[in-house]
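A structural walkthrough
Here are the chains, one letter per residue:
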Amino acid sequence: MSNSESGTQLSYLQHPGKYKGILSWLLTTDHKRIALLYFYCVIVFFFIAAILGLLMRVELFAPGQTIMGPQTYNGLFTIHGIIMIFVIVIPALPAIFGNFFLPIMLGARDVAFPRLNLFSFYLYLTGAILGVLSQFAGDGPPDTGWTFYVPYSAQSSTNVIFALTAAFVLGFSSILTGLNFIVTIHRLRAPGMGWFKMPLFPWAIYATGWIQVLATPIIGITLLMVIAERVLHIGFFDPALGGDPVLFQHLFWIYSHPAVYIMILPAMGIVTEIFPTFSQKPVFGYTAILISSLAIAFVGYFVWGHHMFTAGISYGSRWFFSFLTFLVAVPSAIKVFNWVSTMYGGSIDLKPPLLYAISFIFLFMIGGFTGITLGAVAADVHVHDTAFVVAHFHYIIFGGMGFATFAGIHYWYPKMFGKMYNNRIANIAWGINFAGFNLLYFPQFIIGIQGMPRRYFDYLPQFQTGQIISTIGGFVLFTGLVLMVYNFIRSIKHGAIAPSNPWGGVTLEWQIPSPPPHENFDTIPEIKHPPYFFGNNSNTKNE
Amino acid sequence: MTHPDNNSDHMDSQTGKFGMWIFLFTELFLFGGLFLVYAVFRANYSEDFHKAARELNAFIGTLNTVFLLVSSMTVAMSLTAIQKKQKNLALFLVLTTLFLAALFMLNKYFEWSHKFHFKLYPGSEVLKNLARGELLFFGLYFMMTGLHALHVLVGMVLLSINIVKIQTRRITSQNYLLLENSALYWHLVDLIWIFLFPLLYLIT
Amino acid sequence: MKKLFLVLFLIIFAFNLKGQEMVRSELFKKEVEIGIVEKLGDTVPMDLWFLNENSDTVTLRQIINKPTILFFVYFDCPNLCSPLMDGVADVESKLDLDLGTDYQIITISFNTKDTPEKAREKKINFVQKISKENQKYWIYLTGTQENITAITESIGYKYKAQGLDFAHASAIFILSPQGKITRYLYGLSFLPFDVKMAIIEAQKGIARPTINRILEYCFAYNPSSHTYTLQVTRIIGSIIVFIALIVFISLLVMKRKK
């Protein structure tokens, strides 16, 4: 079934296909290569957006104009948000790890629609490039914020249509990826792998896929409506023509709230894989985690109004959305209990993946608890549109999904590239990242409560101490990120050769060579055991 | 569950159809956003909507509905034909479907030209002088029928590809997934129109 | 049984609604004739001058250089003022902070007819239990109508003349060494703990022992109950973060078990 000798077969990196050279990558339909294409693009765009963020932090170092005026600042936070949300955080985990590992973990040779997969990638690249182009073409970078609120997005004289189109194209890519994965999970599981024998990362991808498929079209049509507003003055959102700007907010958040579950569910799926492996025992509460994932996906459709507590919606609406927001936190909490319980009594090995997974729990919980604060209407009225919100979502998205992504890279790097990275550098980078992250975002909770607004390039002097600490944290974090990526790049050439199962994992990807061969499996495996079976010795660690 | 070898040249038809169904759901949600906006504004401006709908020609609308319904039937029949190895019949039926689609688009062209002639288009002075609900009705009319027409065009392209592939025997009684999926797509286009028609033409 | 619960529920619900209405009307009361309108965070005008019990002219700036308990009386007061001064004297004796080093007391008469001589007489009654060196840290002030009005307004202290007497509230006010109003404590008698916490809060910004910082972290003033309450959330939160840190460090240090 599996061969742990990594020398006999050609890996997917070397496999000679229909095309030669660069074309063998650009025209590939191998899910593993497509995953790497996404991976490299995500890293590049992430650093672009991170540097944009860093520039904002430099501006906020002192009150008044520091290095840029307000128009530039507005353009910066807009493009930072667009790239981070639509180009990085929403696509990355399904496109990179979903693509690479979903088929393998299911015992399949590829996804259901490999050519569609490649098409998704090119849609993604097109959307990302359009987004970047919006900075340079004609009328100047968009300054509406990534949320494109009307009436300003209908009136702003900047390149809003570029950005709207970019988001539309990226959304289409997301839909097709989700569709591909749903069908893959339904149709391509190996013999013997019933639904409840599937590991939890595929389950997470499954829940995510449904959100991608059902929620994204709404933002698609909404973006088209804003374009129609700008170009045709269609009037849906223009009060002078009988329309309603708050209607835009409803439509926008009906997608954008479920979108955050697209961001976090795969991240949770990754750490759910890491904890059993590094505790050498089955995940605690497989069914509970499974149902929680589905519950989060489902309930997440009904909480969008919590972004609109101050928009003038009715008392009843505010009550309803607040209640459901509190409710949707419960499955996440259940997962945290399960992760910690998985570790309890286990044989813990604090390698970099586990280090990142544990800090994921810590940071995600801070983000989550402050989300509850925001979900309470009375408290939200005080902190809406302040730095408190900025700190909250960065803890959840960056501290949560971001750190889980780092965990995933450190976990699956040996499998993807066939090399081991340097543990010491990885650990040091972790420490710098963790410290920098908290320095960067924690003060923003405090100045937010004290009244520091968000999306402002200037502020009252009493907030400066917090802003200075935050800016320093930003630079510390950036250093850690660079060090972490340096480790990855360097280890491609200089890392030790990775065995097929360096961590002692028991899911299918660890039963094939590192890196995997082109078709993943010699013969499609037949599944006999439950998903996290640490019983026999067919999956022992080999170092 | 069958577990086909993942050979992308010869995809298992169940898988292919499932994918298409999911895609159709996304299209439903895409139009769903517009239906939602329609519902909101109709609730706010019901009188104006009634008044504005009288500008639309219910006869042409009905004609278009008939065209699409019949075309759905012909494309479904073409599927049966190809399964029964009746290549020429299948070809004829797909061509008929395409022809009916073209008639639909022709009607649409006349309808829209008529409106443009009276300066009833988004952003015009005439529209600005109307009641707000009427203005919004026309905005919705153009956006919904416009987006739908776009999908009809895409469908026509798909049907054309099918015609070529049937002719060159790349669609056969053993391998007709493309035709089947195109037929499904066409049914969706028809279904959306069946919702659009009463909401826009029949609410006077 | 179910019917009983339903009836009880409805009765309680009705009372709750009434209570809400009452609370809401309290919150929106603006015009106060006699009483106190809190001005937390404001600084009293430090250049106001008064006569102390030795007939020296002093400005607030000269005498306020440490946390200060300030309160208003008039010396012919038949009702509240003596019990109030008693209450302050009582709490002074029970406080484990030192009068003179950690804080001082200022009593101001808002009656323009009161004089330094009267002040001296009054003071003798209440400083019995205080040592001779520290008695000078309980200062009695009298002054002009203009300056009395200025200081009472800045604190939000509203009183009204009624014949020969005055109708007024009973409370003490804690000021920081910079003259900022940091706390209002109401009543005739005061818990030593509440006063101590208030003085500690007023110490913010100047050197103070660490135990005071810890106490300030663990207790906070609750405006509705007018007392200092234990901040259970803060304490448990700190403990949890601490435990998380210990867990993390042990994970780092422990060897993998087989």
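This text follows the structure it describes.
Residues numbered from 1 in each chain as written. Chains lettered and ligands numbered in written order. Predicted model: local features only at pLDDT ≥ 70, side-chain atom pairs only at ≥ 80, totals over all residues. Heavy atoms only, no water.

1. Some details on the overall build of chain C
Scanning chain C for helices and strands turns up eight helices and 13 strands. Taken over 258 residues, chain C has a buried fraction of 42%. Considering only intrachain contacts with a sequence separation of at least 6, the fraction spanning at least 24 residues in chain C is 70%. Roughly 14900 Å² of accessible area belongs to chain C as shown, and the carbon and sulfur atoms make up 62% of that amount. (Helix = DSSP H or I, 4+ residues; strand = E, 2+ residues; numbered from the N terminus. Buried < 20%, exposed > 50% of the residue type's maximum accessible area, 1.4 Å probe, protein only. Contact = heavy atoms within 4.5 Å. Areas by Shrake-Rupley, 256 points an atom, 1.4 Å probe, with all protein chains shown as cover.)

2. Remarks on the pattern of salt bridges
Inspection of every chain in the model, using the stated rule, returns 19 salt bridges over all chains. Measuring nitrogen to oxygen at the nearest pair gives 3.0 Å for the salt bridge that ties A:Lys351 to A:Asp349. Considered together, A:Lys351 and A:Asp349 belong to a single accessibility category, that of buried residues. For C:Glu153, the salt bridge is made with C:Lys158, and the minimal N-O distance between the two is 3.5 Å. (Salt bridge = Lys/Arg side-chain N within 4 Å of Asp/Glu carboxyl O.)

3. Looking at the interface of chain A and chain C
Interfaces are frequently sized by the accessible area removed from exposure as the parts join. In this assembly, 13 residues from chain A lie in contact with five residues from chain C. A buried area of about 830 Å², summed over both sides, lies between chain A and chain C, and 66% of it is on carbon and sulfur atoms. In terms of surface lost to chain C, no three residues of chain A exceed A:Ser347, A:Ile348 and A:Leu350, which account for 47% of the buried area on that side. Put simply, chain A and chain C have zero residue pairs in polar contact (both at pLDDT 80 or more) between them. (Buried area = accessible area lost by both parts, 1.4 Å probe. Polar contact = N/O pair within 3.5 Å; in protein donor to acceptor, adjacent residues only side chain to side chain.)

4. Overview of the nonpolar core
Counting residues in each nonpolar core, the largest one holds 261 residues, and the members touching the most others are A:Phe97, A:Phe236, A:Trp412 and A:Met416. At 20 residues, helix α9 (residues 245-279) of chain A tops the list of elements feeding residues into this core. Contacts of A:Phe236, omitting those with residues within four sequence positions, involve A:Met225, A:Glu229, A:Gly243, A:Asp244, A:Leu247, B:Leu34, B:Val37, B:Phe41, B:Leu136, B:Gly139, B:Leu140 and B:Met143. Counting 66 residues, the second-largest nonpolar core is a separate cluster that includes C:Ile63, C:Met85, C:Phe166 and C:Leu175. (Core = buried A, V, L, I, M, F, W, Y, C linked by side-chain atoms within 4.5 Å.)

5. A look at the arrangement of the chains
The top pair by number of contacts, from a total of two pairs of chains in contact, is chains A and B. There is a clear gap between chain B and chain C: no contact, and 34 Å between their nearest C-alpha atoms.

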